[in-house]
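These are the residues of each chain, in order.
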Amino acid sequence: MTMQLVYFSWIRERVGKSEESMQLPGDVKTVDDLIDHLCSINEVYQAALGNKSVVRVAVNQTHVNLDHPVTDADEVAFFPPVTGG
Amino acid sequence: MARISVQREDFQIADEIAALRGDRTDMGAIVTFTGTVRDITGELKAMTLEHYPGMTEAELGRVADEAEKRWPLVGCRVIHRYGRLEPGDNIVLVITMSAHRHAAFEAADFLMDFLKSRAPFWKMEETDNGGQWVDAKESDSDALKRWD
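None of the values given here were measured: they were computed from a predicted structure.

Throughout the structure, instances matching the rule amount to 8 aromatic pairs over all chains. Ring geometry for Phe8(A) against Tyr52(B): centres 4.6 Å apart, planes inclined by 40°, an arrangement best described as tilted. Placement of the pair is Phe8(A) in the loop between β1 (2-7) and α1 (9-15) and Tyr52(B) in the loop between β3 (46-51) and α2 (55-70), with the two residues belonging to separate chains. What makes Phe8(A) buried here is its relative accessible area of 7%. Taking the centre distance of 5.1 Å and the plane angle of 50° together, the rings of Phe79(A) and Trp122(B) count as tilted.

In this section: the pairing of strand β2 (residues 19-23) of chain A. Looking down a regular strand, the side chains alternate between one sheet face and the other. Residue and element names in this part refer to chain A. A one-sided burial pattern is seen for β2, the buried positions being Glu20 and Met22 and the unburied ones Glu19, Ser21 and Gln23. Where β1 lies against β2, 5 bridges are found, and the strand directions are antiparallel. Bridge pairing links Met3 to Met22 in β2.

Residue and element names in this part refer to chain B. Between α2 and helix α3 (residues 101-118), the shortest axis-to-axis distance is 10 Å and the interhelical angle comes to 150°. Looking at the two axes, α2 sits roughly antiparallel to α3. As α2 runs across α3, the sense of the crossing is right-handed. Across the interface between the two elements, Glu59, Leu60, Val63, Ala64, Glu66, Ala67 and Arg70 from α2 touch Phe110, Leu111, Phe114, Leu115 and Arg118 from α3.

Turning our attention to the side chain of Lys123(B). By the element assignment, Lys123(B) lies in strand β7 (residues 121-127). Buried charge without a salt bridge: Lys123(B), with Asp140(B) as the nearest opposite-charge side chain at an N-O distance of 7.3 Å. A distance of 2.8 Å separates a polar side-chain atom of Lys123(B) from the backbone oxygen of Gly85(A). Once residues lying within four places of it in the same chain are set aside, the contact partners of Lys123(B) are Thr83(A), Gly84(A), Gly85(A), Met47(B), Thr48(B), Leu49(B), Ile91(B), Lys116(B), Gln132(B), Trp133(B) and Val134(B).

Sheet strands pair via backbone hydrogen bonds, and the direction of the pair is either parallel or antiparallel. All names here are of chain B. Spatial strand order, β5-β3-β7-β8: 4 strands in an open sheet with antiparallel pairing. The strands lining the two open edges of the sheet, one partner per strand, are β5 (83-85) and β8 (130-133). Put simply, the sheet's adjacent strands are angled 25° from each other on average, direction ignored. Judged from the 3 bridges that link them, β3 and β5 form a sheet pairing that is antiparallel. Looking across to β5, one finds that Met47 is bridged to Leu85.

This brings us to the interface of chain A and chain B. Contacts between chain A and chain B engage 20 residues on the former and 26 residues on the latter. On the chain A side of the contact with chain B, Gln61(A), Thr83(A) and Gly85(A) bury the most area, a combined 37% of that side's loss. Across the chain A-chain B interface, the total number found is 1 salt bridge. Here Arg12(A) ties to Glu50(B) by a salt bridge, and the two come within 2.6 Å at their closest N and O atoms. Here chain A and chain B share 13 residue pairs in polar contact (both at pLDDT 80 or more) between them. Of the residues forming the side of chain A that touches chain B, the biggest block, 4 residues, is contributed by α1(A). Partitioned by chemical class, the residues of the side of chain A that touches chain B number 10 nonpolar, 7 polar and 3 charged.

Analysis parameters
- Residues numbered from 1 in each chain as written.
- Chains lettered and ligands numbered in written order.
- Predicted model: local features only at pLDDT ≥ 70, side-chain atom pairs only at ≥ 80, totals over all residues.
- Heavy atoms only, no water.
- Phe/Tyr/Trp six-rings, centres within 6.5 Å; stacked < 30°, edge-to-face > 60°.
- Helix = DSSP H or I, 4+ residues; strand = E, 2+ residues; numbered from the N terminus.
- Buried < 20%, exposed > 50% of the residue type's maximum accessible area, 1.4 Å probe, protein only.
- Pairing = 2+ DSSP bridges.
- Axes fitted to C-alpha atoms, helices over the stretch in contact; angles between N-to-C directions.
- Parallel < 35°, antiparallel > 145°, perpendicular 65-115°, else oblique.
- Left-handed = near helix turned anticlockwise from the far one by under 90°.
- Contact = heavy atoms within 4.5 Å.
- Lys, Arg positive; Asp, Glu negative; His and termini not counted.
- Salt bridge = Lys/Arg side-chain N within 4 Å of Asp/Glu carboxyl O.
- Polar contact = N/O pair within 3.5 Å; in protein donor to acceptor, adjacent residues only side chain to side chain.
- Buried area = accessible area lost by both parts, 1.4 Å probe.
- Nonpolar A, V, L, I, M, F, W, Y, C, P; charged D, E, K, R; others polar.

Here's what the structure looks like:
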């Protein structure tokens, strides 16, 4: 499947791009699976997403937890805890 | 008019209040909160706010919806700036209007607490030593608990 991935703040800097489309194996069912898959690709993703305690995720522009399901039609965003206001 | 604006441009508080009031006379209380770029140490040159276009507006709208559900507001306005801002510049404006002051004060406080922990903004501080991303504060997520 092909998923749209979006990155912000220092996660964007570590990945080295603000967005990308990616083909994913069928066993990626949840946000948690997706992070594990990305971290297995290379150390760039590992450095950006490996510490799950500081990674926040939105699916289709809504905050979600790690157990949230993902499908190939989704836009999935990764970012550190937000600091607006 | 739009309740939510996410923009580079500055805002004028008096103009925003006037636009929100219109011809209405059924409110007895108007509360505004303005957040500005703070420089305590004198070392900050600028603060650049990055955001997630689309989600930012959606999230601010959800927070405003929730405030309107909890308090009898007759008006509600949120403006959040992004881009490169300098010390003293405005960052965020919240206006709440209600018949009575308690609802307006509480709703504005609620909006700021939720905005800080939900709206997808990230701040980078720029000093002579370069840029540094601002860490989220534990106290900001703790602040939500009093609204449970």
